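One-letter residues, chain by chain:
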Amino acid sequence: MKSTEEILEILVQQFGEEHFTLGGGDIGEQWITISSALLADAAKFLRDDERTQLDFLMCLSGVHYPKEEELGVTYHTHSTVLRHKLTFKVRVPESKPNIPSLESVWKTADWHEREAYDMFGMTFDNHPNHTRILCPEDWEGHPLRKDYVQQDFYQGITTRE
Amino acid sequence: MITDTDQNIEKKEMVINMGPQHPSTHGVLRLELVLNGEVITNVKPFIGYLHRCFEKYAEEVKDYSKVIPYTDRMDYVSAMNQEHGYVLGMERMLEIEVPERVEYIRVIVAELQRIASHLLGIGAFGLDLGAFTPFLYCFTEREKILDIFEKTSGARLLYNYMAVGGLMRDVHKDFKTETADFVKTFRPKIKELNDLLSYNQIFIDRTAKIGVLPEKVALNYAASGPVLRGSGVKWDLRKDDPYSIYDRFDFDIPVGSGEVGTLGDCWDRYIVRVREMEQSLRIIEQALDGMPDEGDVMEAIPKRIRPNEGELYVRTETPRGELGYYIVSDKSANPFRVKARAPSFVHLSMLPAISNGALIADMVAIVGSIDIVLGEVDR
Amino acid sequence: MNTIVNITSLPSILLHAAIPLTIILVYALVAIWGERKIAGFIQDRLGPMRVGGFHGWAQSIADLLKLIQKEDIIPTDASRFLFKFAPFMMFAASYAAFAVIPFSSSYIGSNINIGVFYLLAVTSILTLSIIMAGWASNNKWSLLGGMRSAAQMVSYEVPTIATVLTVIVVSGSLNLMTVTEMQSGNDILGFIPNWFIFQNPFLIVAFIIFFISILAESHRVPFDLPESESELVAGYQTEYSGMRWAMFMLAEYADMLLLSLLGAVLFFGGWNSPFGEFLSGPFWSFFWFMLKGLLLVFVMMWIRWTLPRYRVDQLMHICWSILIPLSFINLVLVALWELIF
């Protein structure tokens, strides 16, 4: 069992301080924000290092931060061996929303990333099948963005009541 | 595409759409199968036919408690468990202490719902393999649970019964005796089900060594619930990350053992569900004993839900596996972001990994054994 | 017994053709209703209860009326002639086979001396019509159903024929009337009827193989792969609706009855009464014969509502590596038994 701070320490030891920041709200859980450039390496390290062994990606959620004009992804992981959890985030600007895909680290990220792309429109680099998953392929816009405006017609059919 | 130059006959693999309208896709799932004869060489699941924008609704509904009815509609065969996860998360956010009686009632209904859901899963699995009768036997029993729920919450499928901090209403006055009666009558039925279906030689022939999911792959795909336990991993959130009052009860975690075939095959996933029903009965019995008779189930319900800034990820064990809610609050009246991590979604994504080389009939067995609910996959 | 009517004139031909047809139609109505009641009984529910009052007896008549009124849909890209023709051909095949079935001590449609041979040959046309339906529908599920059916029926015809052969070895005749007449009387231990199944222990084995094979021949669970509902949607019937679909249904039920009656003739003494001369005669012999056939049909229904379905490769495995070797070994053993005793 390791707390988020302890895991942060391990990460800083391995990769240096500048890529990680510890975050937390007034309530709830803490998280580590990882810069997108290092995400793939850090994730692989977190999975394989024997001090962390985060072998289970529970959830991958896209988030849109309209104030900062940023898109983010939150990863919830836990270790079935050491029984600790870790939440880490990556945030990228809306103008260049490129996030490395973690599909090769945790297979389950495959569909979750497709869903995040579908709903938020960030790009997951090196994803094997970077297509929409819930919406049809020719749907316009990404519905879960805060500034999303629903299209009026889809293939000539009205989308309003 | 391979072209046979000698005879100028074009040879192609057959691509066939299984679904969205097909008897055994458990809803509106489309599988694009590439076939060589009847052997599947590739399978591509297509989802989204039942997408109802749960997450968008949750952000725009202007009230945290109005999300609860929508959680019902995700996994519509285990609505109680879906609500349970969400209200737990909100209680953690608001730091509400829930009365004892509420906790006990929640555990009882959640476990009853687990049995009801497994009965449906098992029955439908039998139906997929051509056994019609066990399906109706399962439904008869499920009906009894739904009757109890109907008396308690007023609804048979989508209950909207749990509230943040309590319950919408107290249970009806015969709840305890009716539930105890059900537990008593249901136990022998599990044995009957085992005789009729589980150990039927044809059923074993159809499910053993089919769709084998090794432990490593299961963990990498973040499988959970009976699918993960079928691969021999002893992992149950009720025990390993206890929530509510599950740490007070004594129960076992059944895991697959490759009893009739290979570890992690369809039969293992199936039998884990059957054995889990027995354990749920044990939990219900203990909870009925411990449940306080008096107490206001609505006393801890907050007038107004407005959590501080922050976020959390709460996970509970539903009949299908780990249901997670990622809830982000920005101090306003509605959630900033709610993401539901649906177990069926994750399980469906590993379908291509476990079904190559299977026959069409096996495909049906594999889809049945991972027990997906499309309402949850598409949300 | 020389009670067989000579068929010479056209009206008498038509009359004789009408008798099996009436039997099939009445039987189909009763059997479809009966199957639903049996299914209901097995599954702890009531089955049809409303139509017609008493236990929904008119349910299949209502269904028939509904099917007649339905629109006749032919898929755009279907091969129209074959698509329309297949259901009728299927019914014709199983109907034609009834000609050689001795329904009663005084009635057989056509008393030809190669009855068994004719029956097996004519029922083979069923396979053809199923492939025809599967291919003509221009639907991949139908095609798969048709292909499965071809493989299944061709394979299972081998053990069926081998077991029929064992009975022929005992009886020495291909005429079903003669085969039945040979089983008259109650001579075994003074009271057991002279039915073939009681005459020779190896014929019991033959009957078991025969019964499994006819389950597969008539596409009943656990061998209902050509139409396996949960896998192939409805197999070769997927694109059919209304009366054409009803023809398939009718043919299927007729086929079930035909093979059950064949089983009754070959192993259970055909129209012979189990009590010797008691309750015999033209009418009672018809009663006993139908009773035996319907009992076998009932067992088929019972199996259908109890067991899951086999997979296509397992089906082939059962046929080629268990039933066929067993039936041929059994044939030799029956022959040896006949030689010695």
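Worth saying up front: this structure is predicted, and the values here are computed from it rather than measured.

Would you mind going over the interface of chain B and chain C with me for this structure?
Where the parts come together, the accessible area they lose is often given as the size of the interface. Contacts between the two partners involve 32 residues from chain B and, on the opposite side, 23 residues from chain C. Carbon and sulfur atoms make up 62% of the surface buried where chain B meets chain C, a total of about 2500 Å² over both sides. Taken together, the links from chain B to chain C amount to one salt bridge. A salt bridge links Arg311(C) to Asp362(B); the shortest N-O distance between them is 3.0 Å. Those elements that provide at least two residues to the side of chain B that touches chain C are β3 (14–18), α4 (100–128), α5 (133–153), α7 (201–207) and α14 (360–369) of chain B. Broken down by class, the residue content of the side of chain B that touches chain C amounts to 20 nonpolar, seven polar and five charged.

What exactly am I supposed to notice about the sheet that holds strand β6 (residues 85–93) of chain A here?
Residues and elements named next belong to chain A. What the five strands build is an open sheet, ordered β1-β3-β6-β5-β4; its pairing is mixed. Of all the strands in the sheet, just β1 (20–24) and β4 (56–65) have a single pairing partner and so form its edges. Neighbour-to-neighbour, the strand axes of this sheet turn through a mean angle of 25°, independent of strand direction. As judged from the five bridges shared by β1 and strand β3 (residues 30–34), these two strands associate in the antiparallel manner.

When you look at the pattern of salt bridges in this model, what are you seeing that I'm missing?
Where charged atoms from two side chains of opposite charge come close, those side chains can pair. This structure, assessed with the given rule, holds 51 salt bridges over all chains. Here Arg83(A) ties to Asp240(B) by a salt bridge, and the two come within 2.4 Å at their closest N and O atoms. Here Arg83(A), found in the loop between β5 (70–78) and β6, pairs with Asp240(B), found in helix α10 (residues 237–240), and the two come from separate chains. Since its relative accessible area comes to 36%, Arg83(A) is described here as partly exposed. Where Arg238(B) meets Asp236(B), a salt bridge forms, and the shortest distance between an N and an O atom there is 2.8 Å. A relative accessible area of 2% places Arg238(B) in the buried class.

Mind showing me how you'd approach the environment of Ala361(B) here?
When you line up the elements, Ala361(B) lands in helix α14. Between the C-alpha atoms of Ala361(B) and Met350(B), which are eleven residues apart in sequence, the distance is 18 Å. Beyond its immediate stretch of four places on either side in the chain, Ala361(B) contacts Arg206(B), Arg148(C), Glu231(C) and Arg311(C).

How should I be thinking about the packing of aromatic side chains in this particular structure?
Summed over all chains, the structure comprises 42 aromatic pairs over all chains. An angle of 20° between the planes, with centres 5.0 Å apart, marks the rings of Tyr75(A) and Phe88(A) as stacked. Taken together, the residues Tyr75(A) in strand β5 and Phe88(A) in strand β6 connect sequence positions 13 residues apart. On the basis of relative accessibility, which here comes to 0%, the residue Tyr75(A) falls in the buried class. Judged by centre distance (6.1 Å) and plane angle (5°), the ring pair of Phe98(C) and Phe103(C) falls under stacked. Phe103(C) shares its class with Phe98(C); the two are buried. Its guanidinium or amino end placed over the ring of Phe336(B), Lys146(A) lies 4.4 Å from that ring's centre, counting from NZ or CZ. Of note, Arg142(B) hangs over the ring of Phe139(B), and the distance from its end group to the ring centre comes to 5.3 Å.

What should I look at first to understand the arrangement of the chains in this one?
Where two pairs of chains are in contact, the pair with the most contacts is made of chains A and B. What separates chain A from chain C at the closest point of their C-alpha atoms is a distance of 25 Å, and the two make no contact.

Hey, could you run me through the sheet that holds strand β5 (residues 39–46) of chain B in this one?
Paired through their backbone hydrogen bonds, the strands of a sheet run either parallel or antiparallel. Residues and elements named next belong to chain B. Taking strand neighbours across the sheet as the criterion, the three strands line up as β3-β4-β5 in an open arrangement whose pairing is antiparallel. With one partner strand each, in any of the chains shown, β3 and β5 form the two edges of the open sheet. Within this sheet the neighbouring strands show an average axis-to-axis angle of 20°, counted without direction. Where strand β4 (residues 30–36) and β5 come together, seven bridges link them in antiparallel fashion. Paired with Val 34 across the two strands is Asn 42, which belongs to β5. Contacts from α14 reach β3, β4 and β5, with the element oriented near 150° to β4.

I'm lost on the pairing of β6(A) in this one. Help?
Along any regular strand, the residues point their side chains to alternate faces of the sheet. Residue and element names in this part refer to chain A. As judged from the two bridges shared by β3 and β6, these two strands associate in the parallel manner. Along β6, the bridge assignment pairs Ile 32 with Phe 88. Where β5 meets β6, nine bridges bridge the pair, whose relative direction is antiparallel. Bridging from a neighbouring strand, Gly 72 pairs with Arg 91 of β6. In textbook terms, the turn of a hairpin is the stretch between consecutive antiparallel strands, and for β5 and β6 this stretch comprises six residues, one of which, Arg 83, has a positive phi near 65°.

Would you explain the state of the cysteines in this entry?
Each disulfide consists of one covalent bond between the sulfur atoms belonging to two cysteines. With the rule as written, the count across this model stands at zero disulfides over all chains. A disulfide-free cysteine, Cys53(B) has its sulfur positioned 7.2 Å from the sulfur of Cys135(A), the nearest such atom. The exposure class of Cys53(B) is partly exposed, given its relative accessible area of 35%.

What counts as what
- Residues numbered from 1 in each chain as written.
- Chains lettered and ligands numbered in written order.
- Predicted model: local features only at pLDDT ≥ 70, side-chain atom pairs only at ≥ 80, totals over all residues.
- Heavy atoms only, no water.
- Contact = heavy atoms within 4.5 Å.
- Buried area = accessible area lost by both parts, 1.4 Å probe.
- Salt bridge = Lys/Arg side-chain N within 4 Å of Asp/Glu carboxyl O.
- Helix = DSSP H or I, 4+ residues; strand = E, 2+ residues; numbered from the N terminus.
- Nonpolar A, V, L, I, M, F, W, Y, C, P; charged D, E, K, R; others polar.
- Pairing = 2+ DSSP bridges.
- Axes fitted to C-alpha atoms, helices over the stretch in contact; angles between N-to-C directions.
- Buried < 20%, exposed > 50% of the residue type's maximum accessible area, 1.4 Å probe, protein only.
- Phe/Tyr/Trp six-rings, centres within 6.5 Å; stacked < 30°, edge-to-face > 60°.
- Lys NZ or Arg CZ within 6 Å of the ring centre and 35° of its normal.
- Disulfide = S-S within 2.5 Å.

Purely spatial values, then, with no claim about function.
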